[in-house]
Amino acid sequence: MYWDKAVETLPAGELEALQLRRLRETVARALLSPFYRERLEAAGVTPESIRSLEDVQKIPLTTKDDLRRRGPDFLTVPKTELVRLHASSGTTGQATVIYYTREDIEAWADLVARSMYMTGVRPGDVFQNMMGYGLFTGGLGFHYGGERLGCLTIPAGAGNSARQIQLMRDHGATVIHIIPSYALYLLNHFEALGVDPRDLPLRLAFIGAEPHSEDMRRRIEAAYGLKAFNSYGLSEMNGPGVAFECPEQNGMHVWEDAFLMEVLDPGTLTPAAPGTVGELVFTNLTRRGMPLLRYRTRDLASYDDAPCPCGRRMKRLSRIQGRTDDMIIIKGVNIFPLQIEQVLMSLPEVHTNYLVELSRKNFNDIMTVKVEVREEFFTEDLRQLNALRKRITEALKSELLVTPVVELVEPHTLPAGEGKAVRLVDRRSEG
Ligand code: ADP
Ligand code: ZN
């Protein structure tokens, strides 16, 4: 059940004591970096000034922009002690670079192995890692985790759909790591090859890297005949292995022995209560080469601190609702792409893909939602199609409080890729 039982089931009080000790150690370590020496001295923060976990709030926040501008100034070791670097995918702008020492790589692999083990992966499983290898952390991060656990690890990388299916069949993959939008896209290739993924020995999947809804998970589970677990991480906190679902599939346990999590109200930047959505802020508790203090992820989620039936007390994160940068403000209403997905994926007529386009006409914002409709529902009968379009429009309107223009399109006509899905195109500055 547990990879590291002593840590994973630390009783109340002991986890917090461990965190406080590590927080003070991390502050001491961070003072070795030019960036934090300046920052912490200016704020009057020393390891001794951190007397409780709440004192973390004395530490100034670190932003993506700080990392972009001052990257190497975050190092606490000479460059010769580094053994690897990764960069964020750059989904929302210029990528940030993270450096790792050998101990950092090992500690990270251990967290990923712990995450995989929690869901039921065991030595002997055949693990096909279908994430991009390279600067993106999803590839090598899971690769090292799988090897550490003792899986036969297949570095399939992203894309090349026919080969992915071939690899699964040839080597009897039992576990896969795949981007959720790509998992649905890959089904088209299975269909074209006349292979039913449910006939393969697959039993577990890790899906993460991009926001997705519960219905999307259920669709993937049903189509592949496996259990799919949500996996959260970001390159600034190593990569994958920050928070992961347990067999309960009811929120992602944050590995709090390695990360101190805060959820902050995005407006006031004060702590949000359990169950309230806020911005995730993380502090490394065990990283050597490049510890980050109070890093603002821009990811929005809520947490639950109730004990979990799996025996772990570590807080559970809700699904990531989106990023603060992804929030669409239209006619004064705040909308996240995930809300749109939740509505669409709950409708059986909707195929696997959709795209939201924002445009402006006569100073009015217009939201167009292009929706792929399943072949069998795509009839020539205009009346039926119109009725479906109306139903989707109504469903979206009641969730979003804004009336979108819904366009129905045939399956496989919207752009689909192998990396993180692009669900939103904003053309408002063009018109
Ligand atoms: P980038 O920010 O450029 O995409 P990363 O490759 O480091 O860089 O990706 C990390 C980001 O991916 C997270 O901050 C989050 O926005 C998103 N992400 C990762 N895992 C999940 C998940 N399980 N659900 C939703 N979003 C996720
Ligand atoms: Zn649990």
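Residues numbered from 1 in each chain as written. Chains lettered and ligands numbered in written order. Predicted model: local features only at pLDDT ≥ 70, side-chain atom pairs only at ≥ 80, totals over all residues. Heavy atoms only, no water.

(A) How the structure looks around the nonpolar core. Within the largest apolar cluster, 71 residues are counted, with the highest numbers of intra-cluster contacts made by Phe206, Tyr232, Leu280, Phe282 and Leu317. Here this core gets eight residues from one element, more than from any other, and that element is helix α5 (residues 102-119). With near-sequence residues (within four places) excluded, leucine 280 lies in contact with Tyr232, Met261, Glu262, Val263, Tyr295, Arg296, Thr297, Arg298, Asp299, Ala301, Leu317 and Ile320. If you look at the next biggest cluster of nonpolar residues, it comprises 52 residues, including Ile179, Leu186, Leu344 and Val373. (Core = buried A, V, L, I, M, F, W, Y, C linked by side-chain atoms within 4.5 Å. Buried < 20%, exposed > 50% of the residue type's maximum accessible area, 1.4 Å probe, protein only. Helix = DSSP H or I, 4+ residues; strand = E, 2+ residues; numbered from the N terminus. Contact = heavy atoms within 4.5 Å.)

(B) Examining the sheet that holds strand β21 (residues 424-426) more closely. Read across the sheet, four strands follow the order β20-β19-β18-β21 without closing on themselves; strand pairing throughout is mixed. The open sheet is flanked by β20 (405-409) and β21, the only strands paired with a single partner. Going from strand to strand, the sheet's axes swing by 20 degrees on average, the running direction of each strand aside. Strand direction decides the pairing type here: strand β19 (residues 364-373) and β20, joined by five bridges, are parallel. Within β20, the position partnered with valine 371 by the bridge is leucine 408. Of the strands in this sheet, β18 (350-361), β19 and β20 are in contact with helix α11 (residues 382-400), which crosses β20 at around 135 degrees. (Pairing = 2+ DSSP bridges. Axes fitted to C-alpha atoms, helices over the stretch in contact; angles between N-to-C directions.)

(C) Local environment of a negative patch on the surface. Taken together, the side chains of Glu191, Glu375, Glu376, Glu380 and Glu410 make up a negatively charged region of the molecular surface. With respect to the secondary-structure elements, glutamate 380 resides in the loop between β19 and α11. (Patch = residues over 30% accessible without salt bridge, like charges linked within 9 Å, V, L, I, M, F, W, Y side chains within 5 Å. Areas by Shrake-Rupley, 256 points an atom, 1.4 Å probe, with all protein chains shown as cover. Salt bridge = Lys/Arg side-chain N within 4 Å of Asp/Glu carboxyl O. Lys, Arg positive; Asp, Glu negative; His and termini not counted. Charge placed at Lys NZ, Arg CZ, Asp CG, Glu CD.)

(D) Structural context of the coordination of the zinc ion (ligand 2). Of the protein atoms, only Cys246 (SG), His253 (NE2), Cys308 (SG) and Cys310 (SG) coordinate the zinc ion (ligand 2), at distances of 2.1 to 2.3 Å. In this structure, the zinc ion (ligand 2) is surrounded by four donor atoms whose angles at the metal cover 102 to 117 degrees, and the resulting shape is tetrahedral. Along the chain, the residues that donate to the zinc ion (ligand 2) are spaced as C-x6-H-x54-C-x1-C. Of this pair, cysteine 246 sits in the loop between β8 (239-245) and β9 (252-254) while cysteine 308 sits in the loop between β13 (303-304) and β14 (316-317), and the two are 62 residues apart along the sequence. Looking at cysteine 246, the relative accessible area reads 0%, which means it is buried. (Donors = N, O, S within 2.8 Å, 3.2 Å for Na, K, Ca; no water. Tetrahedral: all angles 85-135°; square planar, octahedral: opposite > 155°, others 65-115°.)

(E) How the structure looks around the packing of aromatic side chains. Applying the stated rule across the entire model yields 14 aromatic pairs. Each ring, one from tyrosine 232 and one from phenylalanine 282, has its centre 6.3 Å from the other, and the planes form 35 degrees; the classification is tilted. With tyrosine 232 in strand β7 (residues 227-234) and phenylalanine 282 in strand β11 (residues 278-284), this pair connects stretches of sequence that are 50 residues apart. Overall, phenylalanine 282 belongs to the buried group, its relative accessible area being 0%. The cationic tip of arginine 84 hangs over the ring face of tyrosine 144; the distance from NZ or CZ to the ring centre is 4.6 Å. (Phe/Tyr/Trp six-rings, centres within 6.5 Å; stacked < 30°, edge-to-face > 60°. Lys NZ or Arg CZ within 6 Å of the ring centre and 35° of its normal.)

(F) Structural context of the packing of helix α10 (residues 337-345) against α11. Relative to each other, α10 and α11 sit at 140 degrees, their axes nearing to 10 Å. Between α10 and α11, the crossing angle belongs to the class labelled oblique. Note that α10 runs across α11; the crossing there is right-handed. Of α11, the residues touching α10 (which contributes Gln339, Ile340, Val343 and Leu344) are Ile392, Ala395, Leu396, Glu399 and Leu400. (Parallel < 35°, antiparallel > 145°, perpendicular 65-115°, else oblique. Left-handed = near helix turned anticlockwise from the far one by under 90°.)

(G) Seen up close, the side chain of glutamate 8. With respect to the element layout, glutamate 8 can be found in helix α1 (residues 5-8). A distance of 2.8 Å separates a polar side-chain atom of glutamate 8 from the backbone nitrogen of aspartate 4. Here the side chain of glutamate 8 touches arginine 312 through a polar contact of 2.8 Å, side chain to side chain. Setting aside residues no more than four positions away along its own chain, glutamate 8 makes contact with Tyr2, Trp3, Arg114, Trp255, Arg312, Arg313 and Met314. (Polar contact = N/O pair within 3.5 Å; in protein donor to acceptor, adjacent residues only side chain to side chain.)

(H) Expanded view of the pattern of salt bridges. In the structure shown here, the tally under the stated rule is 32 salt bridges. The partner of glutamate 25 in a salt bridge is arginine 21, with the nearest N and O atoms 3.5 Å apart. Of this pair, glutamate 25 and arginine 21 are both found in helix α2 (residues 14-30), four residues apart, which corresponds to roughly one turn of the helix. Overall, glutamate 25 belongs to the partly exposed group, its relative accessible area being 45%. The class of arginine 21 is partly exposed, set by a relative accessible area of 46%. Counted as one network, the salt bridges with shared partners bring together Glu214, Arg217, Arg218, Glu221, Glu245 and Arg319.

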